[in-house]
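Residues per chain, in single letters:
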Amino acid sequence: MKKQVSDAPVRYVVLSHSHADHIGGAKLWPEAGTQTIAHRQFVEEQRYLTELEPYFWGRNRTLFPWMPEGPSNIPLLQYGGVQPDLLVAEGDSYAFTVGDVEFVAMAAAGAEGADNMVLWLPGERVLLTGDFFGPQFPQFPNVFTMRGEKVRKPMEYVQSLDRLLALEIDTVVPSHLNPTQGEAEVRAGITRIRDAVQYVHDQTVAGMNAGRSVYELMCEISLPPELDLPQNHGKVDWAVKSIWEYYATWFHFDSTTELYPVPARDVYADLGALAGEEALLTLAQGYLDDAQPVKALHVLEILLADKPTSMGALKARESALTLLLEAARAGARNDYEIYWLQARIDDTRLRLNGAGNP
């Protein structure tokens, strides 16, 4: 790749953020005299992602089954170990010139983590965004990602978007998918993202202050038509829950049992035995007939805890998951929701065929 571009020395490597698909080649480029630039939070983000790599790998592979079974054991290709030479604090920037082109590396917490950097070319009015907006532009951002990682701070992201709106950007070049050109279109997209995040944040806070539960707010809050954005990466109701728990933590103040290490599923098998398979299947089927697949899944989890090989329960679970998958594809088309539901359907079918674990 380097020879195809230029044989000139590599003077700078700018890291957009710490995700493996964005720093996987970072160890291959530096040479004597190269400066590697990153957000000040990059070191911490890389640290925790490295320490939790086995845990997150299992989650990611469930959602993305084409991934290898385990992380690479080739040192040069292993995740982590990238050592920046220059760290830029949030809200600050570092300017440099290569040839006749001016570059400004801006530390701007974004949709994929606290360590997002963007690279601004003021002369060309081009912004290289990495995953600052997520994989496409514009879209509702991944304030929370169900695969794991720390919560992204919504108001910090709004501040970053305001910084970008102060620039006269003509072209956005992301790390995934196609560029977006035209100052008016770019400005409109950034503005809509900012206002959508602010709206969801403010509605969540207002609902919390009004005494609404997190689940009530997940059902009630949606984007108004003028702020509508694709939700195939980030999802509004998940963002509501993320913001709620970011501010108020995991204790929802509605059940004493949340305070103790005894989850509800610890009594599912006893409940299943008490209610009986036939009664629970009838109840679950009633929910399915009433187009309430999530309630059906709650009932089926109780039944399967008592009778993990129940063919009736597994067939009903497959039906519930299929209804949810059809709704996801017809609705927000969120990639993560679709990947998860498909993985659960595959698991259910394996169990129906006797090849899966109980």
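Up top is the structure.
A brief report on the enclosed structure follows. (Residues numbered from 1 in each chain as written. Predicted model: local features only at pLDDT ≥ 70, side-chain atom pairs only at ≥ 80, totals over all residues. Heavy atoms only, no water.)

**Topic: the packing of helix 12 (residues 311-330) against helix 13 (residues 335-352)**
Put simply, the test is: Axis definition: a line fit to C-alpha positions, over the contact stretch in the case of helices; interaxial angles, taken between N-to-C directions, run 0 to 180 degrees. Under the DSSP-based scheme used, a helix requires at least four consecutive residues in state H or I and a strand at least two consecutive residues in state E, with every element numbered from the N terminus. Put simply, angles under 35 degrees are roughly parallel, angles over 145 are roughly antiparallel, angles from 65 to 115 are roughly perpendicular, and the rest are oblique. Crossing handedness is defined as follows: a turn of the near helix away from the far one that is anticlockwise and smaller than a right angle gives a left-handed crossing, while the clockwise case is right-handed. Every residue pair with non-hydrogen atoms within 4.5 Å of one another is taken to be in contact. Under the convention adopted here, Pro, Cys and the residues Ala, Val, Leu, Ile, Met, Phe, Trp and Tyr are nonpolar, Asp, Glu, Lys and Arg are charged, and Gly plus all remaining residues are polar.
Following both chains from N to C, one finds helix 12 and helix 13 inclined at 160°, their axes separated by 9 Å at the closest point. On the basis of their axis angle, the class for helix 12 and helix 13 is roughly antiparallel. As helix 12 runs across helix 13, the sense of the crossing is left-handed. For the pair helix 12 and helix 13, the contacting residues are Met311, Leu314, Lys315, Arg317, Glu318, Leu321, Thr322, Leu324, Leu325, Ala328 and Arg329 in the first and Glu337, Ile338, Leu341, Gln342, Arg344, Ile345, Asp347, Thr348, Arg349, Arg351 and Leu352 in the second. Looking at the contact of helix 12 with helix 13, its residues break down into ten nonpolar, three polar and nine charged.

**Description of helix 8 (residues 236-248)**
Heads up, the condition is: One less than the number of residues in a helix, times 1.5 Å, gives the span that helix is expected to have. The rule is simple: take the accessible area with a 1.4 Å probe, protein chains only, and divide by the maximum for that residue type; under 20% is buried, over 50% is exposed, in between is partly exposed.
When the terminal C-alpha atoms of helix 8 are compared, their 18 Å separation across 13 residues agrees well with the 18 Å that a helix rising 1.5 Å per residue should span. The set of residues buried in helix 8 consists of Val236, Trp238, Ala239, Val240, Ser242, Ile243 and Trp244. Next to the buried residues of helix 8 lie helix 5 (154-165), helix 6 (183-209), helix 7 (214-220) and helix 13. Of the residues flanking the end of helix 8, it is threonine 249, one or two places downstream, whose phi is positive at about 65°.

**Some details on the pairing of strand 6 (residues 117-121)**
The following threshold applies: For two strands to count as paired, DSSP must find a minimum of two bridges between them.
The element strand 6 is extensively covered by neighbouring structure, given that five of its five residues are classed as buried. Burial of strand 6 is two-sided: the residues Met117, Leu119 and Leu121 facing one way and the residues Val118 and Trp120 facing the other way are all buried. As paired elements, strand 5 (residues 101-107) and strand 6 share four bridges and run antiparallel to each other. By the bridge assignment for strand 6, methionine 106 is matched with valine 118. Pairing of strand 6 with strand 7 (residues 126-130), which is carried by three bridges, proceeds in the antiparallel orientation. Bridge assignment links leucine 119 to a residue of strand 7, and that residue is leucine 128. Hairpin remark: strand 6 followed by strand 7, antiparallel, with four residues in the connecting loop; positive phi at arginine 125, about 60°.

**Some thoughts on the pairing of strand 2 (residues 35-39)**
Counting buried residues in strand 2 gives four out of five residues, a clear majority hidden from the surface. Pairing analysis gives three bridges linking strand 2 to strand 3 (residues 86-88), with the strands arranged parallel. Along strand 3, the bridge assignment pairs histidine 39 with valine 88.

**As for a nonpolar patch on the surface**
Short version of the rule: The patches described consist of residues with a relative accessible area above 30% and no salt bridge, like charges being joined within 9 Å and nonpolar side chains (Val, Leu, Ile, Met, Phe, Trp, Tyr) within 5 Å. Each accessible area value is a Shrake-Rupley result obtained with a 1.4 Å probe; residue values ignore everything except the protein chains displayed when judging cover. When a carboxyl oxygen of Asp or Glu lies within 4 Å of a side-chain nitrogen of Lys or Arg, that pair is called a salt bridge.
A contiguous nonpolar patch, built from Trp250, Leu259, Tyr260 and Val262 and spanning about 460 Å² of accessible area, is present on the exposed surface. Following the sequence through the fold, tryptophan 250 ends up in the loop between helix 8 and helix 9 (268-275). Given a relative accessible area of 54%, tryptophan 250 falls into the exposed group.

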